[in-house]
Amino acid sequence: MSIRTIKTLCLFCGSSDGYSKSYKDGALNLAKTMIERNISLVYGGGGKGLMGTVSKAVYGKVPNVIGIIPEKLYESVRYLDHYEDDLVIVKDMHERKAEMYARSDAFVAMPGGVGTVEEFMEAYTWLHLGYHNKPIGLINIDGYFDHLLLFLNHCVDQGFLREEFFKALCVAPDSDRLLDMLEHVSLALPSKFH
Ligand code: AMP
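Procedures and definitions
- Residues numbered from 1 in each chain as written.
- Predicted model: local features only at pLDDT ≥ 70, side-chain atom pairs only at ≥ 80, totals over all residues.
- Heavy atoms only, no water.
- Helix = DSSP H or I, 4+ residues; strand = E, 2+ residues; numbered from the N terminus.
- Rg over C-alpha atoms; globule rule 2.2 N^0.38 Å.
- Buried < 20%, exposed > 50% of the residue type's maximum accessible area, 1.4 Å probe, protein only.
- Near = heavy atom within 4 Å.
- Polar contact = N/O pair within 3.5 Å; in protein donor to acceptor, adjacent residues only side chain to side chain.
- Areas by Shrake-Rupley, 256 points an atom, 1.4 Å probe, with all protein chains shown as cover.
- Nonpolar A, V, L, I, M, F, W, Y, C, P; charged D, E, K, R; others polar.
- Pairing = 2+ DSSP bridges.
- Right-handed = clockwise from strand over helix to strand, strands pointing away.
- Contact = heavy atoms within 4.5 Å.
- Phe/Tyr/Trp six-rings, centres within 6.5 Å; stacked < 30°, edge-to-face > 60°.

Brief notes about the overall build of the chain
Consideration 1: What the chain contains, in helices and strands, is 8 helices and 7 strands.
Consideration 2: Rg of the C-alpha trace for the chain: 16 Å, near the compact-globule value of 16 Å for 194 residues, within the 12% margin.
Consideration 3: Expressed as lengths along the three principal axes of its C-alpha atoms, the size of the chain is roughly 50 × 35 × 35 Å.
Consideration 4: Going through the 194 residues of the chain one by one, you find that 48% of them count as buried.

A few points about the site of the ligand
Consideration 1: Within the structure, the ligand sits among 18 residues, and S15, G113, G115, T116 and E119 are positioned closest to it.
Consideration 2: Contact distances for the ligand include 2.6 Å between an oxygen atom and a side-chain N or O atom of T116.
Consideration 3: Considering the ligand on its own, with 480 Å² of exposed area, one finds that the protein chains cover 86% of that surface.
Consideration 4: Top element by residues in the shell around the ligand is helix α5 (residues 114–129). It accounts for 4 residues.
Consideration 5: A class-by-class count of the residues in the shell around the ligand yields 7 nonpolar, 8 polar and 3 charged.

Notes on the pairing of strand β2 (residues 40–43)
Consideration 1: With burial as the criterion, each face of β2 is covered, one bearing S40 and V42 and the other bearing L41 and Y43.
Consideration 2: Both strand β1 (residues 8–12) and β2 contribute to a ladder of 3 bridges, which runs parallel. Within β2, the residue paired with T8 across the bridge is S40.
Consideration 3: For the handedness criterion, the β-α-β arrangement of β1, helix α1 (residues 21–37) and β2 is classed as right-handed.

Concerning the side chain of R96
Consideration 1: Tracing the chain through its elements places R96 in helix α4 (residues 93–103).
Consideration 2: Judged by its relative accessible area of 5%, R96 is buried.
Consideration 3: A distance of 2.7 Å separates a polar atom in the side chain of R96 from the backbone oxygen of G44.
Consideration 4: Contacts of R96, omitting those with residues within four sequence positions, involve G44, I68, I69, P70, L73, V90 and E119.

Overview of the packing of aromatic side chains
Consideration 1: In the structure shown here, the tally under the stated rule is 8 aromatic pairs.
Consideration 2: Plain terms: the ring middles of Y59 and Y83 are 5.8 Å apart, the flat faces sit at 65 degrees to each other, and that makes the pair edge-to-face. With Y59 in the loop between α2 (49–58) and β3 (65–70) and Y83 in the loop between α3 (71–76) and β4 (86–90), this residue pair connects regions lying 24 residues apart in the sequence.
Consideration 3: Y59 gets classed as partly exposed once you look at its relative accessible area, which sits at 37%.
Consideration 4: Taken together, a centroid distance of 5.1 Å and an interplanar angle of 75 degrees make the contact between Y101 and F107 edge-to-face. Each member of the pair, Y101 as well as F107, carries the same accessibility label: buried.
Consideration 5: Each residue in the set F12, Y101, F107, W126 and Y131 is aromatic and connected to the rest through ring pairs, giving one cluster.

So this is what it looks like as structure tokens:
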């Protein structure tokens, strides 16, 4: 039995497509899983890269697609080709993340660049610090996040990351398996502070 129901997923992923076709296929696969499970999307807004692929594919087929974009980004890109029920324009990146966190039940990162990794790392850190208690996972398409996972293992080995927190991170090669993990993972974590 699931521990939780995920109604809205916050997605961090590339504003580019990447070189391998697997990434776009993975994005379409996540969209299919969300449609099958009737899960709404919260993401960075816009129609670029993998972000655009997922939002376009789920738009009109899940209850809600919400893009959350800071003023500066909204002004610097042309928002012609985007698919959202609601585009929320916020003051800055901090407000954006606060909005994304408040509106979602779980976080998922799929392949992307520094923006994706930064967003993922912050949501993961906030779980450690007890600012939220929502599951977080990586769709590790073709082992894209293997180096990051090696680094996190290194943090555990060197005494900078508690093993329980590392184990709380869900990792799967595809979205269906990841969603199952996010629904079942126990987040009864010890306080980071003792
Ligand atoms: P990156 O992985 O560096 O491509 O950055 C992707 C992440 O940063 C996304 O999850 C977005 O939240 C944010 N982001 C980067 N570029 C854009 C953009 N042009 N429009 C909207 N969000 C963006």
